[in-house]
Amino acid sequence: MPEDTVSPDATSSVKATYIVKATAEITGGSLSFVEASVPPGSGPPPHVHADSDEAYYILSGRFEVLDGDRTLVAKPGDFVYIPRNTLHRFKNVGVDAARLLFLFTPAGFERLFFEVGQPARPGEPAPLVGPDDVRKAAEVGPRFFGA
């Protein structure tokens, strides 16, 4: 396999741990692919992606998923597709860390994890989100959420 098609397996944390498996640079902008480990009670707030579709594949645990005007609980083996411009979020509703794979198409949104997150440290939980993190997310957010 050519070197430029191998995942950098770059890791970043934003309240959960996200391992970016494929970036826009690797896929020619077609998609990005991410693995996440999400602590109990965590997940992003409701949001919309104006420029990309998103999909989740649940590996372990249970996630409450907001998909537009419906809320569902996704469990291991479930696949959830979120079209662009749809209000959505996921939240780990279990008592242990839960894992999921997700992708964005087209690629590009994965850059948010690197701009807002901090490098993950093996064996350590994701850092808590503080006021500086919220400010930084508010600054870069419009580029990723289409404000």
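Structure report, in brief. (Residues numbered from 1 in each chain as written. Predicted model: local features only at pLDDT ≥ 70, side-chain atom pairs only at ≥ 80, totals over all residues. Heavy atoms only, no water.)

Moving on: the overall build of the protein. Counting its regular elements, the protein contains 3 helices and 9 strands. Starting at the N terminus and walking to the C terminus, you meet the elements of the protein as β-β-α-β-β-β-β-β-β-β-α-α. Buried residues in the protein amount to 39% of all 147 residues. Look at the contacts in the protein between residues 6 or more apart in sequence, and 66% of them connect residues 24 or more apart. (Helix = DSSP H or I, 4+ residues; strand = E, 2+ residues; numbered from the N terminus. Buried < 20%, exposed > 50% of the residue type's maximum accessible area, 1.4 Å probe, protein only. Contact = heavy atoms within 4.5 Å.)

With that settled, the discussion passes to the side chain of serine 32. You can see serine 32 is positioned in strand E3 (residues 32-38). For serine 32, a relative accessible area of 0% puts it in the buried group. Reaching out from serine 32, the side chain makes a polar contact with the side chain of glutamate 110 at a distance of 3.1 Å. Excluding residues that lie within four positions of it along the chain, serine 32 makes contacts with Ala22, Phe102, Leu103, Phe104, Ala107, Gly108 and Glu110. (Polar contact = N/O pair within 3.5 Å; in protein donor to acceptor, adjacent residues only side chain to side chain.)

Applying the stated criterion across every chain, the model contains 7 salt bridges. Glutamate 25 is the partner of arginine 111 in a salt bridge, and the nearest nitrogen-oxygen pair spans 3.1 Å. Here glutamate 25 lies in helix H1 (residues 24-27) and arginine 111 lies in helix H2 (residues 111-116), a separation of 86 residues in the sequence. On the basis of relative accessibility, which here comes to 56%, the residue glutamate 25 falls in the exposed class. Across the salt bridge formed by arginine 70 and aspartate 67, the nearest N and O atoms sit 2.9 Å from each other. Accessibility expressed as a relative area gives 44% for arginine 70, which makes it partly exposed. With relative accessibility at 11%, the residue aspartate 67 sits in the buried group. Salt bridges linked by common partners bring Lys21, Glu35 and Arg99 together as one network. (Salt bridge = Lys/Arg side-chain N within 4 Å of Asp/Glu carboxyl O.)

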